[in-house]
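Now for the letters of each chain:
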Amino acid sequence: TFFPTTYPLQPTPYRSIHVRSAMWRQIPAMVAERPLLGVGLENFNEAFSPHFPPELLVLEKPTNYPDSSHNFFFDLLVHTGVLGTLAFAGFLISLFVMFLRQPTTSWLQKSQLTGIVAILISWQFGFPGIVDSVMLFCLIVLLRKNTSS
C-alpha cells in the first residue's frame, strides 16, 4: 500500500518532539507570506498546507492533519502576524513592568505572577484551553487589583 499501516514507522519515545520540530521549522516561511496581519484566527491548516514537511507522513497518520503548531506564540505569530504578536507581547511586558514598579510585593502577588509565568511556559508546548485561558486572565485581573491598591 501507499501509506504504512503502523505509525510511526520507527517507534520512538520522542515522536512528539520530532513532529513539533518539523512543524516549527515551517513557521518562518508561513509568517513570511503574511507578515503583518497573519493568516487570520484558526487558519493554521490552510497556511500550513503549502509547507507540509514530508517527514510528517512517516511520523503521523496521513489523516492526522495539524491545525496548530502546539506552541501558542508560534500560532499567534501565524494567526495575527507580527502586529498581533507585538500587541500581545506589549500587554505582557506592561503587566510585568507594572509588577516590578511596586515598592513592595506580597507573597500573594508573587504567587499570582508565578501562576501567570507557569501558564505562559506551558503554552510553549501546547495551545490554550478554556480552563487555562480563564485562569490566566483571572490571575492577571487579581494581580492588577492587588498591585493598584
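Above: the structure in question.
The following refers to the structure shown. (Residues numbered from 1 in each chain as written. Predicted model: local features only at pLDDT ≥ 70, side-chain atom pairs only at ≥ 80, totals over all residues. Heavy atoms only, no water.)

## What to know about the packing of aromatic side chains
This is how the line gets drawn: Stacked, tilted and edge-to-face are the three classes assigned to paired rings of Phe, Tyr and Trp, where Trp is represented by its six-membered ring and a pair needs centres within 6.5 Å; plane angles under 30 degrees give stacked, over 60 edge-to-face, the rest tilted. Secondary structure elements follow DSSP: runs of H or I no shorter than four residues count as helices, runs of E no shorter than two count as strands, and numbering proceeds from the N terminus. Only protein chains enter the accessibility calculation, which uses a 1.4 Å probe; a residue whose area is less than 20% of its type maximum is buried, one above 50% is exposed, and one in between is partly exposed.
Per the counting criterion, the structure on display carries eight aromatic pairs. Their ring planes at 15° and their centres at 5.5 Å tell us that Phe 44 and Phe 48 sit as a pair that is stacked. Highlighted residues: Phe 44 and Phe 48, both in helix α3 (residues 44-48), separated by four residues, approximately one helical turn. According to the relative accessible area criterion, Phe 44 is buried, its value standing at 0%. Of the residues examined, Phe 48 reaches a relative accessible area of 0% and is grouped as buried. Here Phe 72 and Phe 73 contribute two aromatic rings whose centre-to-centre distance is 5.1 Å and whose plane-to-plane angle is 75°, an arrangement assigned as edge-to-face. Phe 72 gets classed as buried once you look at its relative accessible area, which sits at 14%. Classification of Phe 73 as partly exposed rests on a relative accessible area of 23%. A network of ring pairs unites the aromatic residues Phe 72, Phe 73, Phe 88, Phe 91 and Trp 123 as a single cluster.

## A short note on the environment of Asn 43
Rules: Any pair of N or O atoms that falls within 3.5 Å is considered a polar contact. Within protein, one atom must be able to donate a hydrogen and the other to accept it, and sequence-neighbouring residues count only if both atoms are side-chain atoms.
Tracing the backbone through its elements, the reader meets Asn 43 in the loop between α2 (27-33) and α3. Between the alpha carbons of Asn 43 and Pro 103 there is a distance of 44 Å; along the sequence they are 60 residues apart. Here the side chain of Asn 43 touches Val 39 through a polar contact of 2.9 Å, landing on its backbone oxygen.

## Quick notes on the pattern of salt bridges
Let me state the cut-off plainly: Note on definitions: salt bridges are taken to be side-chain nitrogens of Lys or Arg within 4 Å of carboxyl oxygens of Asp or Glu.
On inspection of all chains with the given rule, the structure shows one salt bridge. Of the charged contacts, one joins Arg 25 and Glu 55 as a salt bridge, the two residues approaching to 2.4 Å between their closest N and O atoms. Of this pair, Arg 25 sits in the loop between α1 (15-24) and α2 while Glu 55 sits in the loop between α3 and α4 (56-59), and the two are 30 residues apart along the sequence. Its relative accessible area of 31% is what places Glu 55 among the partly exposed residues.

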